[in-house]
Each structure stands twice: as C-alpha cells, then as structure tokens.
Amino acid sequence: MAYDYPPEKLSVYLSDDGGSDLTFYAMVEASRFSKIWLPFCNKFKVEPRSPEAYFSKATEPLVDPDMAKEWSSIKKSYEDMKKRIETTTKLGRVSEEIRKEHKGFSEWNSVASRQDHQAILQILIHRKDQKAVDIEGQPLPTLVYLAREKRPHIHHNFKAGAMNALIRVSSRISNGPIILNVDCDMYSNNSVAARDALCFFMDEEKGREIAFVQFPQTFENLTKNDLYSSSLNVINEVDFLGFDGNGGPCYIGSGCFHRRDTLCGHKYSKEYKADWKRWNDRKMGLKYGCPVEDILTGLAIHCRGWKSVYLNPERKAFLGVAPTTLLQSLVQHKRWTEGHVQVFVSNCPFVFGHKKMPLKLQLSYSPYLLWAVNCLGTLYYVVVPSLCLLRGISLFPEISNPRVVPFLFVIFVHRAYSLGEFVWCGGTFGGWWNDQRMWLFKRISSYFFALFDNILKLLGFTESAFVITAKVADDDVSQRYEEEVMEFGASSPMFTIIATLALLNAFCLVGGMKRVIMEDDVQTLLSDPFALQILLCGLLVLINLPVYQGLFLRKDNGRMPTSLTLRSIMFALLVCALVLY
Ligand SMILES: O=c1ccn([C@@H]2O[C@H](COP(=O)(O)OP(=O)(O)O[C@H]3O[C@H](CO)[C@@H](O)[C@H](O)[C@H]3O)[C@@H](O)[C@H]2O)c(=O)[nH]1
Ligand SMILES: [Mn+2]
C-alpha cells in the first residue's frame, strides 16, 4: 500500500487460501494502521515500507527531533497493533468484541471448514469511498480481502487457482492494466520498484511487446554461508541476465509485474488493442495442473510472441523466506523439478515455441526444464566408480596418461570456474562448498524422486500435488539454522538415499585404500590406475562429513533418526557385500 505511487491508482488484494477470520482481522487492523503509516512513509521517505521490516532494523532518528517524535508514536501504534493481533492469534478465535467492529466477520458464521465455504470478499478500503483517506486527507489505495470459494469435491488448484480468483475479482473492482503478484512469504523492500517496472511497459519503442517484468527472488533469512544453497545468487546475477538477452526471463511466480491482457491469453501483435473482459475464455489467467504454474504460464506467454524483462535493482525489490531445514529445501526442489519436467513433456519449448520464440530462448528454458534427468549421471558417478574401486576395477586413466586431461578438466578447472563465479556473485568460500553439497544432495534425492514420480504419473499411478514450503520453524530448529548445523531430524526416503550413499562411499574408500596399500608392487600416485577413483571417492566422503556427523556423532534433535541410521548402514553393507562376493 505504501508504494511510491499515486494511491488512487493502486489497489491491493490479499488472497487468503486459509480462509481464516484471523487473517481478516489482521487486515482490518492493517487498514486502520495504513492511515498513519502511509503519511509517515511519504513524509520521511521511509525504506523499506513494510513496518515490520522497518522497525526491526531501523534505529531511532535522534538528529531530527520532529521525526523522532512521530517515529516513536508510530512505532508504539505498530507494536500495539501487533500485540492485539498476536493475542487474538494465540486465543485462536476472534473475540465477540472485535467481531462487532466490522460487519465482514459475519461471513464466517456460514463457514463450515477451511475446505468448504462460500467466497468471502470484503472491500476494506474503496477509493470511491469519500472517507477512505489517511490522517492527512490523502486518498488511500483500495484494499480487498478475498477467500475464494472452496468445495471439497472441486479441485482448488493451489496457487494458480488463487491467482485466477484474484485476477477475476480485481477485474470487477479496479481493473488495473498492470498486476504485481507477490507470494505470502515475501514483502516489498523497495518503494520505487513499481515505477521502475512501469518504465519498461511504457517505453514508446519497445514497451508494447513486453508481457511481464520479473524481479529476482531474494531472501531475507539467509545465513552467512547459506547452508542449504537457497540464495539463487548465480541464477540471479548470471543466468537470468543471459535469459534476458535471449528474449526475457521465465516467470518465477513472485515479484513479477504482468500486463493484465497477456495473462488473459492475448497474442502479441503490433496492432493489438486491449479487450480483455472475455471472462469465459478458457485461456484466461495462470495455467494450472502443474506444480510450477509460474514457469508454465511464462512459457505460454513467450510462445504467444511476447517478450519479458529482468530487473535486478541494487536495492532488492522483494525479500522472502527461504527453507530453513534440509528436508524443506529438498522437498521444494522436488516440487520444482517435477513441475519442470512436466512442462518439458507437456509443453516442450522446442515444439510449442517453434517459430514463435527465438531458438535461444527455447534453449534458455531447457537446463531448468531438464533438471530431473541430471540425477542419472550424478547417481552413476556417486555409485559406480566407488564400487569399482572396492572391487578393484579401474575406470579412469592414470594421471601420467594424456587421456586423463578431460577428467582433470572436469574435476579441477570446471570447479575452479564455479568457485570464481560463486564468489563473484557475492558468495563466500564456505557458501560455495555448501552449494556443492546441496548440488549433490538435490541430484541424488529431489531430482531422482521427481523423475521417478513423473514416470509414475505418466503411467497414470499418481497425481502431483503442491507441497507448501513451511513458513515457521521450532526454536531449536531455527537456532541450528542460525548456527549452520544441518537439520536432518526426520525420517524421509530422501535422507535414506543420502545416508546410504554417503556410507557406501566411506566403505569403498576404506576398502579401496586397503587394496592399494596392500598391493605388492607399491605404485606411485602418477601411475596408479585407481588414483582418480580414490580422489573422487575421497571428495565425496569429504563433502558428506555433515551426514556422518548426523548419523553417528550428534545428540541433538536434528541428527538422523536411529532407525534411519541402522537402515542405511544395512543397505550400504549389503551393496558392498554384493559387489565383493
Ligand atoms: O494452495 C496454495 C498454495 C500456495 N499458495 C501461494 O503460493 C505461494 C508459493 O508457495 P510456497 O509454499 O511459498 O512455495 P515456494 O516453493 O516458496 O514457491 C516458489 O515456487 C512456486 C512454484 O512451485 C512459485 O509459484 C513461487 O512463486 C515460488 O516462490 C505461497 O506463498 C502462497 O502465496 C496459495 O495461494 N495457495
Ligand atoms: Mn515461498
């Protein structure tokens, strides 16, 4: 609401898929608070304009006595409001007293459950309302609460369903030509981002061909060495610039400004005119039925000939919440990977984009869409060379052999390049090392399960679902996250694979070393036919150190569950035994 933009031209819609009167209550409070917050932001050019983010970081401005006075009073109003909301949340229901304050609460009298209720639409502030002004008499943006209708027998299609309900409802209320969408776990951090994005749409020469302006996904809660490699730094600082040069980035679901008409299925043409009130058009809105509705929708837009723009200002436009446990991160990646490969199968850019989007843009999509199949190569290199080492089968040339060059290139030069790139994009050495580990974990678990589930789905055995990324964590989980201690603490087939392969490599390294040392004619490193296999196996053991700690050394709740430890030891021993005998 506090964007640096004429408030009478701004409308804010909140979609509450939880259908909770607590959320509605928080919004009623927020609508009142906006009357003092917006003038304060404008007067003192406050940044960021999320009061929670602002007050958690800002220090009292003592130099300017005028501001200092207002600052303290607003801070107090904010904290009082926060306390009221938290008290009500703890209570778990909205008290009778509060319910009297707004007629909207009566909607919940007829709500059977979260999965079964009528549409609840409440316009908290409407620009046509004369009284909708802040304390200085300036107009306020329109503010709307929406909990779309949900019925148990009708699929709600997760986020895409929610977005489409918002697009439909907003067309009747404000009908703005540009739509910004932001996930519930993100906030705006840059008050001029809206103006910046509009510059592209309004460009006299090229503006007409632009369908959406995408900002990067950046996160608030990252630790120094980014334990779970959530920062997307290299994607944000390198990959997406390339994407942009090839026709425009893909749509990544949040922090994106869309032209309303492109979301309504329009093709790009030079003479095109806006006419987008055709509500029965089935091409309307975000595409659903896929866990990455964003990628699918963006690709469909590109396939209709539109371009997009990537905008990454110095002051991050949006900040969000990244997963804080290993399992959350792997599950999120599994959802993404599964969605991507579905897009590749159902809407292959090379087929659907043929002659409609440049080949280079089709190619830009491919590395992401094909994440899933990468698990095969990685699984091979994690399992086979190590087992061959144990068994005494040499796979790679000796170091003195010229044929070793491509292998050394992949092992050293390519990794050195990735380290350089990572640090150049603002990462640390520790962050890179964690990134390498997550790269491995994602490939042997998330990507593998995504591929597996997709095959099951293609064969008609399962349906894909949107597993929501958790937004809150226990105190001790949060503390371990802060300390960058890897969180296992749950029984999951993903962890079984990770632990089993880590143990397998440890066993193979011991077995392989023994074999090499016991060999009669001791060979030098250069002519040892097993040198590279030992190196690879050793690197795998090194990168898996946190797994061994989680299996054997840790006592906290974040360690691997005992049953999982026993199970993976058994699996690893079984495989080694099969290979040896
Ligand atoms: O039934 C649902 C599920 C999700 N959401 C919304 O969708 C957002 C994304 O879900 P989240 O659980 O936060 O998943 P992430 O993995 O963090 O989301 C990433 O991946 C999604 C695609 O899988 C994109 O849509 C998101 O923009 C992108 O941030 C949430 O914030 C909600 O606002 C709904 O409205 N209804
Ligand atoms: Mn999220």
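Residues numbered from 1 in each chain as written. Chains lettered and ligands numbered in written order. Predicted model: local features only at pLDDT ≥ 70, side-chain atom pairs only at ≥ 80, totals over all residues. Heavy atoms only, no water.

Undergrad: Just to check I follow, could you spell out the sheet that holds strand β1 (residues 11-15) for this structure?
TA: In a beta sheet, neighbouring strands pair by backbone hydrogen bonds and run either parallel or antiparallel. Overall, mixed pairing links the three strands, which are arranged β1-β3-β2 in an open sheet. Only two strands of the sheet have a single neighbouring strand rather than two, namely β1 and β2 (120-125). Put simply, the sheet's adjacent strands are angled 15 degrees from each other on average, direction ignored. Where β2 lies against strand β3 (residues 142-147), five bridges are found, and the strand directions are antiparallel. Bridge pairing in β3 places I120 opposite A147. (Pairing = 2+ DSSP bridges. Helix = DSSP H or I, 4+ residues; strand = E, 2+ residues; numbered from the N terminus. Axes fitted to C-alpha atoms, helices over the stretch in contact; angles between N-to-C directions.)

Undergrad: How should I be thinking about the site of ligand 1 in this particular structure?
TA: Surveying the vicinity of ligand 1 reveals 22 residues, the closest of which are D17, D183, E293, Q332 and R335. R335 places a polar side-chain atom, nitrogen or oxygen, 2.6 Å from an oxygen atom of ligand 1. Protein burial of ligand 1: of its 680 Å² of free accessible surface, 92% is covered by the chains. For the shell around ligand 1, the elements supplying multiple residues, two or more each, are α5 (158-173), α9 (293-303) and α10 (326-346). Partitioned by chemical class, the residues of the shell around ligand 1 number nine nonpolar, five polar and eight charged. Here the shell around ligand 1 spans two domains, and each of domain 2 (176-322) and domain 3 (371-580) adds at least three residues to it. (Near = heavy atom within 4 Å. Polar contact = N/O pair within 3.5 Å; in protein donor to acceptor, adjacent residues only side chain to side chain. Areas by Shrake-Rupley, 256 points an atom, 1.4 Å probe, with all protein chains shown as cover. Nonpolar A, V, L, I, M, F, W, Y, C, P; charged D, E, K, R; others polar. Domains from an automatic or database assignment.)

Undergrad: Is there a simple way to explain the side chain of S229 in this structure?
TA: Counting through the fold element by element, S229 comes out in the loop between β7 (218-219) and α7 (233-245). Of the polar contacts made by the side chain of S229, one reaches the side chain of D435; its length is 2.5 Å. In this structure S229 touches D435, M438 and K442, once residues within four positions along its chain are discounted. (Contact = heavy atoms within 4.5 Å.)

Undergrad: I would appreciate a short explanation of the nonpolar core in the present structure.
TA: Soluble globular proteins tend to bury their nonpolar side chains together. Of all hydrophobic cores here, the largest spans 43 residues; its most connected members are L326, L330, F441, M486, V547 and M560. Elements with a minimum of two residues in this core: α10, α13 (374-391), α15 (429-458), α17 (493-518), α18 (531-543), α19 (545-553) and α20 (562-580). Here this core takes 12 residues from α17, the largest share from any one element. Every residue in contact with V547, bar those within four places of it in the chain, is listed here: F441, F488, I498, A499, A502 and M560. If you look at the next biggest cluster of nonpolar residues, it comprises 33 residues, including L22, C41, M81 and V94. (Core = buried A, V, L, I, M, F, W, Y, C linked by side-chain atoms within 4.5 Å. Buried < 20%, exposed > 50% of the residue type's maximum accessible area, 1.4 Å probe, protein only.)

Undergrad: Is there a simple way to think about the UniProt feature "active site" (unreviewed entry) in the protein in this case?
TA: Using the residue numbers shown here, the UniProt feature "active site" (unreviewed entry) corresponds to D17 and D294. Among the secondary structure elements, D17 is positioned in the loop between β1 and α1 (21-44). Classification of D17 as partly exposed rests on a relative accessible area of 28%. In contact with D17, other than residues within four places in its own chain, are R148, K150, F158 and A162. For D294, the residues in contact, after removing those within four places along its chain, are Y251, I252 and G253. (UniProt positions renumbered as here; feature names shortened; annotations may be inferred.)

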